[in-house]
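Each chain, written out:
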Amino acid sequence: MNKRIFLSPPHMGGNELAYIQEAFESNYIAPLGHNVDSFEAQIKAYTGAKYALALTSGTAAIHLALRVLGIKDGDEVMASSFTFIGSVAPILYERCTPFFIDSDKESWNLDPNLLEEELSHRAATGKKQPKALIVTHLYGQCADIKRIAAICEHYGVQLIEDAAESLGATSEGKQSGTFGKMGIYSFNGNKIITTSGGGMLVSDDESLIAHARHLSTQAREPAPHYEHTEYGYNYRMSNIVAGIGRGQMEVLDERIRRRRAIFELYSQGLAEIEGISFMPELKGSSGNRWLTTLMLPEAISPEHLRLALEKENIESRPLWKPMHAQPLFHGANQKITGVSDELFARGICLPSGSSLNDEDVATIISMVKHIITSDN
Ligand SMILES: Cc1ncc(COP(=O)(O)O)c(C=O)c1O
């Protein structure tokens with residue numbers, strides 16, 4: 001059997017263990033300490049966000065964003081339908097009502113025209129506007145974020161950016177995650193950089209991050225007996241895990257360069273197959289190409305390709321099943337055109353880890369070509 005090629009395995013930079021060692025030496029084996037402070041400082045310096053809070057996961061970061069923006073109990077929250085469940089599960093944690101918006105073909109991300117249509121229709125008919133929009137930059141590629149931010153601003157909708165997959169992606173030179181009121185990143189095991197599990201909440205609003213920080217450590221008031229005026233969570237990142245994050249930040253740019261190069265190899269290597277199209281990159285933006293994702297020709301089933309690659313011990317994955325099509329959200333309010341349904345039906349993610357070498361990618365390309373052509 002060939003050695004397994006994973007979709008997006010962790011890729012350490014080299015200094016992670018030294019930072020973990022530091023935590024052991026200082027005995028800060030706790031959800032606070034020098035690694036946590038340093039990791040937050042690195043994220044601020046890299047993204048340009050003024051404030052950052054290291055947490056146990058990206059999902060926790062979205063949950064805290066909703067909490068500190070005061071969104072709860074029946075409030076309506078709009079969200080990209082084409083996303084991962086972690087983007088939207090916190091809407092349910094806060095007993096809110098989701099409204100899903102479809103993708104456009106230009107970005108595969110949230111369609112700003114649909115958003116504008118819905119919000120302007122509500123404005124014209126006196127219908128209540130949603131409290132917030134959670135927009136995802138899927139697979140590391142930017143949504144049309146400047147326009148989406150302008151629409152939200154115009155209609156008074158608070159914007160939360162789910163940049164879980166897109167750390168380092170930029171739109172007109174500005175980092176994804178820094179356009180809205182709050183943004184989040186994930187360091188889950190398969191992300192462009194990982195801490196094994198973890199997340200970061202960012203904002204330019206000091207009081208929002210201060211409140212989230214308070215909630216992330218059980219909302220303890222500063223009294224020796226632990227006074228509580230509200231409830232919080234145990235969401236703070238461990239100083240051990242943050243040591244991994246410190247080391248990973250040192251190689252983030254390298255990881256982005258490699259993922260973009262892998263994307264180029266795939267797009268050139270598979271260009272001759274008629275009917276294939278890759279996830280686009282909007283003009284003025286530069287994605288991190290976390291995963292190389294593509295739509296297959298109509299005659300080829302993504303599941304057939306996935307299973308054939310699996311036989312060769314190569315991991316690939318269907319595109320995310322849109323939220324409006326999930327049984328969990330059956331009957332949810334939505335504005336859907338069918339774009340994300342088609343992406344789900346015809347799309348696939350190919351192995352994209354930054355540790356893949358050119359020969360591995362060439363092998364995958366020739367296998368994909370062989371499977372597709374022998375299927376025809
Ligand atoms: C788009 C998206 N949103 C949210 C999350 C949640 O992040 P986490 O797994 O760190 O909770 C993830 C990834 O896992 C994701 O891909």
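Residues numbered from 1 in each chain as written. Predicted model: local features only at pLDDT ≥ 70, side-chain atom pairs only at ≥ 80, totals over all residues. Heavy atoms only, no water.

S.K.: Could you clarify how one ought to interpret the domain arrangement of the protein chain in this entry?
M.R.: How big an interface is tends to be expressed through the accessible area that disappears when the partners come together. Each domain of the protein chain was delimited in the assignment, giving domain 1 (16–249) and domain 2 (252–375). Distance from the C-alpha centre of domain 1 to the C-alpha centre of domain 2: 25 Å. With 47 residues of domain 1 in contact, the opposing surface of domain 2 contributes 42 residues. A combined buried area of about 3900 Å² lies between domain 1 and domain 2, and 64% of that area is made up of carbon and sulfur atoms. (Domains from an automatic or database assignment. Contact = heavy atoms within 4.5 Å. Buried area = accessible area lost by both parts, 1.4 Å probe.)

S.K.: What is the right way to read the state of the cysteines from this model?
M.R.: By definition, a disulfide links two cysteine residues through a covalent bond between their sulfur atoms. Taken as a whole, this structure holds zero disulfides when the rule is applied. With no disulfide of its own, C349 lies 17 Å from the sulfur of C142, the closest cysteine sulfur. (Disulfide = S-S within 2.5 Å.)

S.K.: I would appreciate a short explanation of the sheet that holds strand 3 (residues 97–101) in the present structure.
M.R.: The pairing of strands in a sheet comes from backbone hydrogen bonds and takes either a parallel or an antiparallel form. What the eight strands build is an open sheet, ordered 1-9-8-5-4-2-3-14; its pairing is mixed. Pairing within the sheet leaves two strands with one partner each, and these edge strands are strand 1 (51–55) and strand 14 (333–335). Across the sheet, the axes of successive neighbouring strands diverge by a mean angle of 20 degrees, strand direction being ignored. For strand 4 (residues 132–136) and strand 5 (residues 158–162), the ladder comprises five bridges, and the chain directions are parallel. Bridge assignment links V135 to a residue of strand 5, and that residue is E161. Contacts from helix 3 (residues 58–68) reach strand 1, strand 2 (76–80), strand 4, strand 5, strand 8 (182–186) and strand 9 (199–203), with the element oriented near 165 degrees to strand 8. Across the face of the sheet, helix 5 (residues 112–125) comes into contact with strand 2, strand 3, strand 4 and strand 14 while running at roughly 160 degrees to strand 2. (Pairing = 2+ DSSP bridges. Helix = DSSP H or I, 4+ residues; strand = E, 2+ residues; numbered from the N terminus. Axes fitted to C-alpha atoms, helices over the stretch in contact; angles between N-to-C directions.)

S.K.: Explain the pattern of salt bridges here, please?
M.R.: Between side chains of opposite charge, pairing is possible as soon as their charged atoms come close. For the structure shown, the criterion picks out 21 salt bridges. Residue E76 pairs with R122 through a salt bridge whose shortest N-O separation is 2.6 Å. Separated by 46 residues along the polypeptide, E76 in strand 2 and R122 in helix 5 bring together distant segments of the chain. Taking the relative accessible area as the measure of exposure, E76 reaches 17% and is therefore buried. According to the relative accessible area criterion, R122 is buried, its value standing at 1%. (Salt bridge = Lys/Arg side-chain N within 4 Å of Asp/Glu carboxyl O. Buried < 20%, exposed > 50% of the residue type's maximum accessible area, 1.4 Å probe, protein only.)

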